[in-house]
Amino acid sequence: MATYLITGASSDVGTALIRRVYKPGDTIIAQGSGDIEKLRALAEETNGAVHPYDVDLTSTEAMDAFVAEIREKFDTPTHFVHLPALRMVNTKFKNFDEERFLLDMNVQVLSALHICKAILPAMAKAKTGRVLFMLTSYIIGLPPKNATAYIVAKNALRGLAQSLATEYAASGITVNCVAPYMMETKFLSDTPDLIVEASAAANPMKRNAQVTDVVPAMAFLLSEEAGFITGAVLPITGGAAY
């Protein structure tokens with residue numbers, strides 16, 4: 001039996017991943033922020049195995065309370081999957097929004113640091129654990145223009161993952177990342193259609209990534225079979241970046 005902690009679980013990828021990995025007897029601690037109706041539906045589907053939490057990842061107080069409740073109510077997570085991010089805004093660097101960037105760093109990076117600091121020592125004591133972060137193909141090779149804030153945050157998250165992979169490898173914990181091509185989910189709601197279409201046209205497979213392309217790879221990295229893979233950034237790009 002596994003205990004999954006999934007942040008950003010109310011996303012399209014998060015709900016699909018829960019359906020992919022859940023087995024009877026598992027416990028899934030599922031964090032969303034302001035939109036957890038899908039998680040409540042999954043709780044019903046799994047007879048209460050999914051425990052939805054509406055937590056503001058930008059609030060230190062909310063994060064502290066969330067971590068404290070996890071420690072009190074649940075076993076040490078065996079799996080931690082970190083998915084949240086603010087939606088990417090295409091903008092020239094001269095219009096860089098420092099306030100929004102710091103907010104995204106809180107959501108993506110500082111919340112991951114906070115949770116990892118709380119649970120990895122216990123995982124290490126148990127001599128087992130899987131940690132997985134969501135990155136982007138934008139950090140592989142030459143990045144696109146007008147995405148500085150998003151790329152900086154994702155590179156920080158990659159640095160965290162690779163540092164943790166080195167430190168905890170001897171404890172039986174793997175820390176990996178997936179880096180998908182532009183994925184057609186609700187995350188793209190602020191991205192102009194022309195950019196989405198241009199991305200599909202530029203891909204060798206002439207399409208963008210779908211959730212069904214990404215979730216199976218994530219499930220593999222979370223599995224026992226992936227026990228000798230750590231510190232990896234797996235491109236899921238249709239050949240566009242590798």
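Here, the structure is the one placed above.
This structure is a prediction, so every number in the text was calculated from the model and none was measured.

*Asks:* Report on the pattern of salt bridges, specifying residues and quantitative values.
*Replies:* Enumeration over the complete set of coordinates arrives at six salt bridges. Taking the shortest distance from any N to any O, the salt bridge between E45 and R19 comes out at 2.8 Å. Here E45 is found in helix α2 (residues 37-45), whereas its partner R19 is found in helix α1 (residues 12-21), with 26 residues between them in sequence. A salt bridge links E69 to K73; the shortest N-O distance between them is 2.9 Å. You can see E69 and its partner K73 sitting in helix α3 (residues 60-73), four residues apart, about one turn around the helix. Residue E69 is classed as partly exposed on the basis of its relative accessible area of 27%. Given the relative accessible area of 56%, K73 is considered exposed.

*Asks:* Pulling in residues and values, what's your account of the state of the cysteines?
*Replies:* Applying the stated criterion to the full structure yields zero disulfides. A disulfide-free cysteine, C116 has its sulfur positioned 10 Å from the sulfur of C177, the nearest such atom.

*Asks:* Summarise helix α4 (residues 98-126); cite the residues concerned and give the values.
*Replies:* For α4, with 29 residues, the first-to-last C-alpha span of 40 Å sits near the 42 Å given by 1.5 Å per residue. By the largest-angle criterion, N106 marks the main kink of α4, which is about 40°. Where α4 begins, the capping side chain belongs to D97, and its oxygen is found 3.2 Å from the backbone nitrogen of E99. Phi turns positive one or two residues past the end of α4, at K127, with a value near 65°.

*Asks:* Could you give an account of the nonpolar core, naming the residues involved and the relevant values?
*Replies:* By size, the foremost hydrophobic cluster in this structure holds 75 residues, and its most contacted members are I6, I18, F80, F133 and M218. With sequence-adjacent residues up to four places away left out, I18 is seen in contact with I6, A9, I28, A30, L39, L42 and V50.

*Asks:* Quick rundown of the packing of α1 against α2? Include the residues and the values.
*Replies:* If you want to describe how two helices pack, look at the angle between their axes and the distance between the axes. α2 packs onto α1 with a crossing angle of 5° between their chain directions and a minimal axis gap of 11 Å. Classified by the interaxial angle, the pair formed by α1 and α2 is roughly parallel. Residue-level contacts link D12, T15, I18 and R19 of α1 to K38, L39, L42 and E45 of α2. When its residues are assigned to classes, the contact of α1 with α2 shows three nonpolar, one polar and four charged.

About the cut-offs
Residues numbered from 1 in each chain as written. Predicted model: local features only at pLDDT ≥ 70, side-chain atom pairs only at ≥ 80, totals over all residues. Heavy atoms only, no water. Salt bridge = Lys/Arg side-chain N within 4 Å of Asp/Glu carboxyl O. Helix = DSSP H or I, 4+ residues; strand = E, 2+ residues; numbered from the N terminus. Buried < 20%, exposed > 50% of the residue type's maximum accessible area, 1.4 Å probe, protein only. Disulfide = S-S within 2.5 Å. Expected span 1.5 Å × (residues − 1). Bend = angle between axes of the 7 residues up to and from the residue. Polar contact = N/O pair within 3.5 Å; in protein donor to acceptor, adjacent residues only side chain to side chain. Core = buried A, V, L, I, M, F, W, Y, C linked by side-chain atoms within 4.5 Å. Contact = heavy atoms within 4.5 Å. Axes fitted to C-alpha atoms, helices over the stretch in contact; angles between N-to-C directions. Parallel < 35°, antiparallel > 145°, perpendicular 65-115°, else oblique. Nonpolar A, V, L, I, M, F, W, Y, C, P; charged D, E, K, R; others polar.

Honestly, it's all geometry; don't read function into it.
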